[in-house]
Amino acid sequence: MKKGYLVLQDGQVFEGFRFGSPESAVGELVFTTGMCGYIETLTDPSYAGQIVMQTYPLIGNYGIIPEDFEGACCVRGYVVREWCESPSNFRCQGDLDAFLREQHVPGLWGVDTRELTRIIREHGVMNAVICDEIPADLTAVRSYAVTGVVEAVTCKAASVHPAEGEERFRVSLLDYGAKRNIVRELQKRGCTVTVLPADTGAEEILAEEPDGIMLSNGPGDPAENTYQIEQIQKLLGKVPLFGICLGHQLTALAVGGSTYKLKYGHRGVNQPVRDLSGVRTYITSQNHGYAVDGGSLPAGRVRFVNANDGTCEGIDYPDLRAFTVQFHPEACTGPKDTAFLFDQFVDLMKGGDR
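Looking at an unreviewed UniProt entry, one finds the protein named Carbamoyl phosphate synthase small chain and attributed to Candidatus Oscillibacter excrementigallinarum. In UniProt, the protein has this text filed under Sequence similarities (unreviewed entry): "Belongs to the CarA family." According to the UniProt record, the Subunit (unreviewed entry) comment for the protein reads "Composed of two chains; the small (or glutamine) chain promotes the hydrolysis of glutamine to ammonia, which is used by the large (or ammonia) chain to synthesize carbamoyl phosphate. Tetramer of heterodimers (alpha,beta)4."

Right, dumping it as structure tokens:
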């Protein structure tokens, strides 16, 4: 067992043991509370630029299952309390250590993840480095920033994914770091999905005459994506639109709202969300570090709020035939309470009201 260190930007040092790729890496340290779903977490492009720490203590016990991948592995590093060297699952096709090596992701285990989580909850997310030797100078760690990540994770060329059964609708999905299950949920509902790079212009999208437009999840600061915001402004009101996570934030910015960075974000599969249009509270899967300021919106109405901290979780834009949510209705890592939102998107494409 080779010793390794997680060094925070404020100089605090946590000792553990190395696994995965042997290199060092700097990133924004975040925690996620899911008890399962580590495969989906590691392959969610929304974690680009970040060192991910699992609060659940045992990770890797069902191995690596490629069928469950949501996208490319974009994490900068991986920190766990304990990793399982001998996974057991009938679908298992590899182990966590080998996967991290293949993806050039350094890992650290044996770390006091409870204490680390307390620090992040108290002080907010901070930068960190996984390394073999404690650095004397932390300037590079402190100055690290998650930038340019949407361009880094988006697809390089368009691809078409046929509907299951009879084609009912054609949907253009703008890939800001899209999870594969968004495509699957649309396919199951009779939608042929064309996945487009994040830099696709509004005119090109509309020229294909889609029945609806999906804006995907993705990483980073939403306000950084000025070109994408301009394109959404041109798309709104033209065809039905549904945005998830980053797509939700970009839509709010496109109508003139604002976003802000959360202290430590919402990352896990047990986030309660209240539906202000009724009496239901849904349990949702989430992964985001920024939120929409619901009071800043000149258009639309807030429909969903987080039951823990009251932050905006979803917005309806009835005059624009659009709606967006901060959480993940397509999530496979946890609850499926909100999968009905894909049905509402289909209804909107049929010409119904939201």
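Draft legend 1. Looking closely at the packing of aromatic side chains. Within the structure shown, the criterion is met by eleven aromatic pairs. Ring geometry for Phe242 and Phe323: centres 4.4 Å apart, planes at 25°, overall stacked. Residue Phe242 is located in strand 14 (residues 241-244), and its partner Phe323 is located in strand 19 (residues 322-325); the two are separated by 81 residues in the primary sequence. Taking the relative accessible area as the measure of exposure, Phe323 reaches 0% and is therefore buried. On the basis of an interplanar angle of 70° and a centroid distance of 6.5 Å, the ring pair of Tyr282 and Phe304 is categorised as edge-to-face. Here Phe304 lies in strand 17 (residues 301-306) and Tyr282 lies in strand 16 (residues 281-292), a separation of 22 residues in the sequence. Look at Tyr282 and you get buried, because its relative accessible area is 7%. Taking relative accessible area as the criterion, Phe304 reaches 0% and is therefore assigned buried. Among the aromatic residues, ring-to-ring pairing joins Phe242, Phe323, Phe342 and Phe345 into one connected group.

About the criteria used
Residues numbered from 1 in each chain as written. Predicted model: local features only at pLDDT ≥ 70, side-chain atom pairs only at ≥ 80, totals over all residues. Heavy atoms only, no water. UniProt positions renumbered as here; feature names shortened; annotations may be inferred. Phe/Tyr/Trp six-rings, centres within 6.5 Å; stacked < 30°, edge-to-face > 60°. Helix = DSSP H or I, 4+ residues; strand = E, 2+ residues; numbered from the N terminus. Buried < 20%, exposed > 50% of the residue type's maximum accessible area, 1.4 Å probe, protein only.

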